[in-house]
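# Structural description and commentary
Residue-level listing of the chains:
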Amino acid sequence: MDSLKTYKNKTVLLIITLLCFLLYGNSLNNGYNLDDGWAFQNKGKTDLLTGLQNSFSSTYVSIGDVKYGYRPVSSAVFEIEQAVFGQNPFVSHFINVLLFVVICYSIFIWLNKHMNVGWHLALLITVIFLFLPIHSEVVNSVKNRDELLSSFFGVWFLIWSWKYYKKGTAVSLVIGAFFFAVSILSKTSSLPLLAVVPIGLWITSSANIKRLAVLFIVPLLVIFTTRSATGSVDELKETNRSYSILENPLYGEHTSLDKAKVCIKAFGFYLTGIIST
């Protein structure tokens with residue numbers, strides 16, 4: 001039975017890997033785009049240890065007077081890549097695609113092992129997920145590795161939260177809190193999990209109010225703790241970010257009606273892309 005399970009897992013991993021590289025592998029021949037320069041700014045100018053220390057003691061973006069964001073985990077990953085490989089677009093894009101493979105396989109593990117979804121259906125759901133065109137911008141853009149890292153650690157926060165909810169072990173809770181902390185220190189895109197996880201567990205399982213409350217309060221404490229810790233980062237006290245219409249079409253001199261039209265059009269564009277996949 002164990003050998004059959006191992007065979008299935010290896011087969012699923014192979015299928016996911018092949019599909020991810022089939023869909024996103026064309027990015028391996030790409031260079032860096034305009035935004036990717038932000039990822040490697042000031043990287044490799046010092047030894048690795050100093051660079052890693054700077055990742056946790058400075059803003060994510062620091063170019064001239066423009067300073068904003070605190071994503072030390074993502075910054076540290078770019079620092080390590082720069083130290084090992086230098087600025088090599090092929091390696092950068094390969095790491096992004098490989099991270100997406102791991103994210104997809106982690107989703108399969110969650111569905112199959114923890115949600116008790118049959119492996120055929122779990123694989124189908126995972127394949128549908130990886131085919132969604134909305135992922136192409138994130139996977140194909142090196143700068144968006146912060147989103148991939150946040151998603152990866154966010155999925156494992158979900159997995160360990162599920163373990164805690166089922167078994168109530170303190171170890172599962174601590175590990176889950178760790179993954180949540182690393183996720184939001186990669187990028188705060190995973191903050192909605194603070195509500196999604198307990199609500200999802202409440203809908204799909206028999207209600208355990210005490211554990212649901214714990215799974216809401218503990219991540220909330222993680223957020224406050226990381227926020228307090230970042231208070232010692234001097235550069236964050238000098239945050240300065242200006243937005244342009246090239247970065248976000250909602251900025252600029254537009255009426256409320258113009259902004260509403262842009263929001264509706266953008267929502268319709270991505271919704272159509274998802275449905276038509």
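Notes on the structure in this doc start here. Quick caveat, the model's predicted, so the values are computed rather than measured.

### Some thoughts on the environment of Pro 198
Looking at the secondary structure, you find Pro 198 in helix α10 (residues 193–204). By relative accessible area, which is 10% here, Pro 198 ends up buried. For Pro 198 and Leu 212, which are 14 residues apart along the polypeptide, the C-alpha to C-alpha distance reads 5.5 Å. Residues contacting Pro 198, with those up to four places away along its chain left out, are Leu 193, Leu 212 and Phe 216.

### Topic: the packing of aromatic side chains
Applying the stated criterion to the full structure yields 10 aromatic pairs. Summarising the aromatic geometry, the rings of Tyr 24 and Phe 100 are spaced 5.2 Å apart at their centres and angled 75° between planes, so their arrangement reads as edge-to-face. Of this pair, Tyr 24 sits in helix α1 (residues 2–24) while Phe 100 sits in helix α5 (residues 89–114), placing them 76 residues apart in sequence. Taking relative accessible area as the criterion, Tyr 24 reaches 5% and is therefore assigned buried. Residue class for Phe 100 comes out buried when judged on its relative accessible area of 3%. Between Phe 152 and Phe 153, the ring centres sit 5.1 Å apart and the planes meet at 65°, which makes this aromatic pair edge-to-face. Taken individually, Phe 152 and Phe 153 each receive the classification buried, so the pair is uniform in this respect. Of the aromatic side chains, those joined through ring pairs into one cluster are Phe 152, Phe 153, Trp 156, Phe 178 and Phe 179.

### Let's talk about helix α11 (residues 209–230)
In this model, α11 (22 residues) spans 32 Å end to end at C-alpha, consistent with the 32 Å of a helix rising 1.5 Å per residue. Among all positions of α11, only Leu 212, Leu 215, Pro 219, Val 222, Ile 223, Thr 226 and Thr 230 are buried. Summarising the axial view, the buried residues of α11 lie within an arc of 95°, below the 170-degree limit, and thus occupy one face. For α11, exposure combined with an orientation more than 90 degrees from the buried face picks out Ile 209, Lys 210, Phe 224, Thr 225 and Ser 228. On its buried face, α11 is in contact with α8 (145–167), α9 (170–186) and α10.

### Quick notes on the pattern of salt bridges
Throughout the structure, instances matching the rule amount to three salt bridges. In this structure, Arg 145 engages Glu 81 in a salt bridge whose closest nitrogen and oxygen atoms are separated by 2.5 Å. Here Glu 81 lies in helix α4 (residues 72–85) and Arg 145 lies in helix α8, a separation of 64 residues in the sequence. Glu 147 is the salt-bridge partner of Lys 187, the closest N and O atoms lying 2.7 Å from each other. On the criterion of sequence distance, the pair formed by Lys 187 in the loop between α9 and α10 and Glu 147 in helix α8 is long-range, its members being 40 residues apart.

### Thoughts on the environment of Asn 29
Within the secondary structure, Asn 29 is located in the loop between α1 and α2 (36–40). With a relative accessible area of 72%, Asn 29 lands in the exposed category.

### A few points about a nonpolar patch on the surface
Among the surface-exposed residues, Leu 48, Ile 80, Val 84 and Phe 85 lie close enough to one another that they form a single nonpolar patch of about 360 Å² accessible area. Looking at the element boundaries, Phe 85 is found in helix α4. On the basis of relative accessibility, which here comes to 48%, the residue Phe 85 falls in the partly exposed class.

### Things to note about α10
In a regular helix each residue adds 1.5 Å, so 12 residues correspond to 16 Å; α10 covers 16 Å between its end C-alpha atoms and thus fits that length. Elements in contact with the buried residues of α10: α8, α9 and α11.

Cut-off values and rules
Residue positions are given per chain, counting from 1 as you read along its sequence in written order. Local features in this predicted model are restricted to residues whose pLDDT is 70 or higher, and side-chain atom pairs enter the listing and the counts only when it is 80 or higher, whereas totals over whole chains, interfaces and linings include all residues. Excluded from the side-chain calculation are hydrogens and water; included are all heavy atoms of the structure. A helix here means a DSSP run of H or I that spans at least four residues, while a strand means a run of E at least two residues long, and both kinds are numbered starting from the N terminus. Accessibility here uses a 1.4 Å probe with only protein chains present; expressed as a share of the type maximum, an area under 20% marks a residue as buried, one over 50% as exposed, and anything in between as partly exposed. In this analysis, two residues are considered to be in contact whenever any of their non-hydrogen atoms come within 4.5 Å of each other. For Phe, Tyr and Trp, where Trp contributes only its six-membered ring, two rings pair if their centres lie within 6.5 Å, and the inter-plane angle classes them as stacked under 30 degrees, edge-to-face over 60, or tilted in between. Expected helix span is computed as 1.5 Å times (number of residues minus one). Directions pointing from the helix axis toward each C-beta atom define the arc. Just to be clear on terms, a salt bridge is a Lys or Arg side-chain nitrogen sitting within 4 Å of an Asp or Glu carboxyl oxygen. Every patch collects residues that have over 30% relative accessible area and no salt bridge, joining them within 9 Å if they carry like charges and within 5 Å if they are nonpolar side chains (Val, Leu, Ile, Met, Phe, Trp, Tyr). Computed with the Shrake-Rupley method and a 1.4 Å probe, the accessible areas treat only the protein chains shown as cover for residues.

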